[in-house]
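Letter by letter, the chains look like this.
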Amino acid sequence: MRIYDIIDKKRQGKELSHEEIEFVISGYMNSEIQDYQVSALLMAICINSMTKEETYHLTKAMLHSGEVLSLSTLGDKTVDKHSTGGIGDKTTLIVAPIVASLGAKVAKMSGRGLGFTGGTIDKLESISGFKTELSANEFISQVEKIGLAVIQQSENLVPADKRLYALRDVTATIESIPLIASSIMSKKLASGSKSIVLDVKVGSGAFMKTIENARALANAMIDIGKSFGRNVTCIISNMDVPLGLCVGNKTELWEAIEVLSGRGEKNLKGLCFTVSASMISSAFNVDYNQARKMVEDAVFSGSALARFYEWIEAQGGDVSEIKDSSLLLNAKYKRELYSKESGYISRLDAQKIGTASMSLGAGRIKKGDKIDYSAGVVLSKSYGDRVECGELVATFYSSSEELVNSDEACAMFFEALSVSNEKPKEQTLIYEILK
Ligand code: URA
């Protein structure tokens, strides 16, 4: 078999065999196949796509490029969730303790921020002492004890995805449904949970810009899950506006605690309750409405918040820093931003607000940059709200006086915002739930 012929075959739009796909992944991992050859193949896949069978074989080859976790000692109520990424997406911090407090087992690996999107691991590391690296034994025994643990993705899990993703990132080959589906699903399958709930984001702050593409991605991931005997649910949700009011790290932790306390912005709360109910429905094989009621009870009784504090403590985090949640909004410098006109908020561009938050220090410009955990943007108004000229619309937080006062962050924020005379049409939060 020759890599040249495989590239040529895909360039002509033909279907690759199981053996050819395995040959590419194993050859790439043992350095017999070069980056430039894989780049050419990825571009041919981007242009000509892959069939359902090819996507399955690619996922399988990637899955077996490294360690595959067994969660068999945790029973059959293991459940994982994944979001395709967005601005202000702190759902893991909220849904993991909710479902754990109801008896499901969440053994989860999460990522760091990427570009203008945030990452759960960075948010958790904003709590002093919180350990995001645990040994396999510590990880499993914590889940046995309290029902949840969230750690950084192990280096040994799906190493093929790490290499392919880095290549796709610099060769304009991220946006391909079979490549995204196999990348996400290989990692979820390797993480071992029986049920998987995927939140597929669509809109300006997401990889998928149209509902049709989001649906195609969701269906591709459901098909892969089915082939591997897992229950996969996909929620297609809106990412035209940031999720909730807070973007950053400590600012998002503050908002997560608000929701776990039964308060919080309605869209964030709505999505978290939907994701949690889908996880419970799948893990316990109960009807969605029954699961939703269980979720609401867990939040309003305080048991989900209690489990959240237990989790933070179990992973070494200093709970005193978050028990008085006002301490999470105490950046050294703050800057209030006031509306320049009166009307209704008719646009809050998620990507631009994410970029403004990054420029305050909340994200990394390049790999390895240090994050300012206190930095971020807190909105005072949501999409559709009435605002008067001179009224507070947002507050910037940063530990740098220079960054908080930068014209760049301010200009970016006002570019993200539109105010109109007419009240805008309500945005749909959840477009579809597919199984
Ligand atoms: N997230 C992933 O893990 N992989 C992709 O390809 C895109 C988003």
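Our subject is the structure that appears above.
Calculation notes
- Residues numbered from 1 in each chain as written.
- Predicted model: local features only at pLDDT ≥ 70, side-chain atom pairs only at ≥ 80, totals over all residues.
- Heavy atoms only, no water.
- Near = heavy atom within 4 Å.
- Polar contact = N/O pair within 3.5 Å; in protein donor to acceptor, adjacent residues only side chain to side chain.
- Areas by Shrake-Rupley, 256 points an atom, 1.4 Å probe, with all protein chains shown as cover.
- Buried < 20%, exposed > 50% of the residue type's maximum accessible area, 1.4 Å probe, protein only.
- Helix = DSSP H or I, 4+ residues; strand = E, 2+ residues; numbered from the N terminus.
- Pairing = 2+ DSSP bridges.
- Arc of directions from axis to C-beta.
- Phe/Tyr/Trp six-rings, centres within 6.5 Å; stacked < 30°, edge-to-face > 60°.
- Lys NZ or Arg CZ within 6 Å of the ring centre and 35° of its normal.
- Salt bridge = Lys/Arg side-chain N within 4 Å of Asp/Glu carboxyl O.

Visitor: Looking at this structure, how should I read the site of the ligand?
Guide: If you check the shell around the ligand, you find Tyr 165, Arg 168, Ile 180, Ser 183, Ile 184, Lys 187 and Phe 207 and nothing else. Taking Arg 168, its side chain carries an N or O atom lying 2.9 Å from an oxygen atom of the ligand. Within the side chain of Lys 187, one N or O atom sits 2.5 Å away from an oxygen atom of the ligand. Considered on its own, the ligand offers 240 Å² of accessible surface; in the complex 91% of this is hidden by protein.

Visitor: Any chance you could explain the pairing of strand S11 (residues 392-398) here in plain terms?
Guide: Remember that side chains alternate between the two faces of the sheet whenever the strand is regular. Among the 7 residues of S11, 6 are classified as buried, and the element is accordingly described as predominantly covered. Of the strand pairs in this sheet, strand S7 (residues 333-338) and S11 are connected by 6 bridges, and their pairing is antiparallel. In the strand pairing of S11, Lys 334 is matched with Tyr 397. Where strand S9 (residues 376-379) and S11 come together, 4 bridges link them in antiparallel fashion. Each residue of the ladder has a partner; that of Val 378, found in S11, is Thr 395.

Visitor: I would appreciate a short explanation of helix H7 (residues 136-146) in the present structure.
Guide: The α-helix advances 3.6 residues per turn, and as a result positions three or four apart in sequence lie on the same side. For H7, every residue scored as buried is listed here: Phe 139, Ile 140, Gln 142, Val 143 and Ile 146. When H7 is viewed along its axis, its buried side chains cluster within an angular range of 160° and face the same direction. Opposite the buried face of H7, at more than 90 degrees from it, the exposed residues are Asn 137 and Lys 145. Immediately beyond the C-terminal end of H7, within one or two residues, lies Gly 147, with a positive phi of roughly 85°.

Visitor: Explain the packing of aromatic side chains here, please?
Guide: Two descriptors summarise a pair of aromatic rings, namely the distance from one centre to the other and the angle between the planes of the rings. Going through the model one piece at a time under the given rule, you end up with 7 aromatic pairs. An angle of 85° between the planes, with centres 6.3 Å apart, marks the rings of Phe 130 and Trp 311 as edge-to-face. In this pair, Phe 130 is assigned in the loop between helix H6 (120-125) and H7 and Trp 311 in helix H14 (residues 303-314), connecting sequence segments 181 residues apart. Residue class for Phe 130 comes out buried when judged on its relative accessible area of 7%. Judged by relative accessible area, Trp 311 falls into the buried class, the value being 0%. Pairing Phe 273 with Phe 300 gives two aromatic rings, centres 6.2 Å apart and planes at 80°, and the pair type is edge-to-face. Note that Phe 273 is positioned in helix H12 (residues 266-284) and Phe 300 in helix H13 (residues 288-300), a separation of 27 residues in sequence. Put simply, the rings of Phe 130, Phe 308, Tyr 309 and Trp 311 pair up and form one aromatic cluster. The ring of Tyr 309 is capped by Lys 323, whose NZ or CZ atom sits 4.8 Å from the centre of that ring. The lysine or arginine in question, Lys 340, covers the ring of Phe 414, its NZ or CZ lying 3.9 Å from the ring centre.

Visitor: Any chance you could explain the pattern of salt bridges here in plain terms?
Guide: Where charged atoms from two side chains of opposite charge come close, those side chains can pair. Counted by the stated rule, this structure contains 24 salt bridges. Taking the shortest distance from any N to any O, the salt bridge between Lys 187 and Asp 161 comes out at 3.0 Å. Taken together, the residues span a long stretch of sequence, with Lys 187 in helix H9 (residues 177-190) and Asp 161 in helix H8 (residues 159-170) at a distance of 26 residues. Note on Lys 187: relative accessible area 17%, which makes it buried. Classification of Asp 161 by relative accessible area gives buried; the value is 6%. Glu 310 is the partner of Arg 307 in a salt bridge, and the nearest nitrogen-oxygen pair spans 3.6 Å. Here the residue Arg 307 and the residue Glu 310 both occupy positions in helix H14, the gap between them amounting to 3 residues, near one helical turn. Residue classification places Glu 310 among the partly exposed positions, given a relative accessible area of 38%. Here the residues in one salt-bridge network are Arg 112, Asp 122, Glu 125 and Arg 364, joined through shared partners.

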